[in-house]
Amino acid sequence: MRTVAIFSQPDRESLHVRQADEAFCVGPGPAARSYLNVPNIISTALITGCDAIHPGYGFLAENARFAEICADHGLTFIGPQPAVIAMMGDKATAKRIMREAGVPTTPGTDVLGSVEEAYAAAAAIGYPVLLKATAGGGGKGMRVVEDARDLARAYASATAEAEASFKDGRVYLEKLIRGPRHLEVQVLGDDDGNIVHLGERDCSVQKPAHLKLIEESPAVHLPARTRNKLHEMAVQACRHVGYTNAGTLEFLAVGDDVYFMEMNTRIQVEHPVTEMVYGIDLVKEQIRIAAGEPLGYAQSDLASRGHAIECRINAEDTRNHFAPAAGAVSKVVFPGGPGIRVDTHLYAGATIPPYYDSMLAKVVAFGDTREIAIARMERALRETLIEGVRTTIDLCLEILAAPAFREGRYDIEFLPNLLTEIGAPVSLNGTPPLGELGAARPPRAKPVGPP
Ligand code: MV4
């Protein structure tokens, strides 16, 4: 397949630009939000004769309007139907639909009409509760409410934050689940209604602000009954909405209970761990499905083998609120050897712009057992050399060495607790407090004119 890459000015030296058959600039940079410049992206696709657009991981991947615009221009959007993207993008609607499909959801309400309604619902559910933005997802606009005295203020600030971030201030309430694991199930569906799951990933190792650092598949210490229930629920949910292409259903798990949380209608950053244990190229499957091809296999043809772990290598100062690090990278050595996969845009001599995501690479380790996967990952991370910026490598090694991680006994509170133990400062929202890091903040983008 021939590929056309798009980029914005600060990313013109990025590896994907060199690797694609053709590459076109769609805008000046982050200030102009070029990655969201839909007219330029569509024009580039049409002029170069593209059949399809792969929207990647973010920004446009879960934008139902973008999927529609692609179709309007005769371009195949590689992803689910726009109506399904929109349905799952509204988190309260997604929960309601999952309940209809017989999937357990966190006890809670639909969209709240007033703070009075919130008081009544919270009393019925029982404190502590959590306010969530229906347009949110990924934790944006979320507020913990420990008791009734906090509710009015939390309601006002959650609503205001949701309104400011999404131009949609609607919120709903849920019972707060303490110390859960974040488990998610990978699914694929074709246009003929065939749906399969590709097991689960444990993504509980997250730093503040809901940023995943390490993911693995399969999840450890998950009773077979709970695992099967999780997989069946995911497939059942996808049948109910006629899901097509790749998707991920996120669940909170406590003990033997699992609750549906959100569905992501895109391929996710951590999909390689699933590819490793299932031996399936998920992006290839996405493209085949979008082209109208049937899956060509049934659930019984699929099996997970061995264990895979992914570590995210970000350009960040883990000892200073995970402040993004920018600059020139003078030397780069990536690991190799049995069971090691590296996905990266980095190369020696590259300059990391201070915009966009701080992720440099994903190092994935596979082994017949979890112990082997961990040992290979430790060796691979020690073999990795990135000179010029601070990275998350050392923190990943500390996590891999932590007894709770090694024993597979960790939940979403594990990494925040570890950071406290090792004395790494983190602010609640995951960004450095103002002032302390003023100088290290990314400069504003200098627009360089139209592409
Ligand atoms: C929750 C929860 C506890 N109880 N919902 C965080 C992001 C968004 N997807 C939902 N999130 C949570 N929802 C209830 N009812 C705890 C979280 C949560 C979390 C979930 C997964 C992984 C890391 C997390 C970190 C903090 C909070």
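S.K.: Teacher, can you tell me more about the packing of helix α2 (residues 38–47) against helix α3 (residues 64–72) here?
M.R.: A pair of packed helices is characterised by two quantities: the angle between their axes and the separation of those axes. Axis separation between α2 and α3 bottoms out at 11 Å; the angle between their running directions is 35 degrees. For α2 against α3, the interelement crossing comes out right-handed. For the pair formed by α2 and α3, the contact residues are V38, I41 and I42 on the first element and F66, I69 and C70 on the second. Residue composition of the contact of α2 with α3, by class: six nonpolar, no polar and no charged.

S.K.: So what exactly am I meant to see when it comes to helix α14 (residues 414–421) here?
M.R.: Side chains of residues three or four places apart in an α-helix project in the same direction, reflecting 3.6 residues per turn. Looking only at α14, the buried set comprises F414, L415, L418 and L419. The buried residues of α14 occupy an angular sector of 130 degrees when the element is viewed end-on, so they sit on one face. Looking at the packing, one finds that the buried side of α14 touches β9 (195–207), β10 (211–217), α12 (393–401) and α13 (403–406). Once α14 ends, the next one or two residues include G423, with phi positive near 75 degrees.

S.K.: It is not clear to me how the domain arrangement of the protein chain should be interpreted in this structure. Could you clarify?
M.R.: Reports of interface size often rely on the accessible area that becomes lost once the parts have come together. For the protein chain, the assigned domains are domain 1 (4–85), domain 2 (107–175) and domain 3 (181–421). Each of domain 2 and domain 3 has a C-alpha centre, and the two are 29 Å apart. Facing six residues of domain 2, the contacting portion of domain 3 comprises four residues. Between domain 2 and domain 3 lies a buried interface of about 380 Å² when both sides are counted; carbon and sulfur atoms form 51% of it. Sorting the residues of domain 2 by area buried against domain 3 places P107, K132 and G138 first, and these three jointly supply 55% of that buried surface. For the interface between domain 2 and domain 3, the tally reads zero salt bridges. Across the contact surface, domain 2 and domain 3 share zero residue pairs in polar contact (both at pLDDT 80 or more). Per-class residue counts for the side of domain 2 that touches domain 3 are two nonpolar, three polar and one charged.

Rules used throughout
- Residues numbered from 1 in each chain as written.
- Predicted model: local features only at pLDDT ≥ 70, side-chain atom pairs only at ≥ 80, totals over all residues.
- Heavy atoms only, no water.
- Axes fitted to C-alpha atoms, helices over the stretch in contact; angles between N-to-C directions.
- Helix = DSSP H or I, 4+ residues; strand = E, 2+ residues; numbered from the N terminus.
- Left-handed = near helix turned anticlockwise from the far one by under 90°.
- Contact = heavy atoms within 4.5 Å.
- Nonpolar A, V, L, I, M, F, W, Y, C, P; charged D, E, K, R; others polar.
- Buried < 20%, exposed > 50% of the residue type's maximum accessible area, 1.4 Å probe, protein only.
- Arc of directions from axis to C-beta.
- Domains from an automatic or database assignment.
- Buried area = accessible area lost by both parts, 1.4 Å probe.
- Salt bridge = Lys/Arg side-chain N within 4 Å of Asp/Glu carboxyl O.
- Polar contact = N/O pair within 3.5 Å; in protein donor to acceptor, adjacent residues only side chain to side chain.

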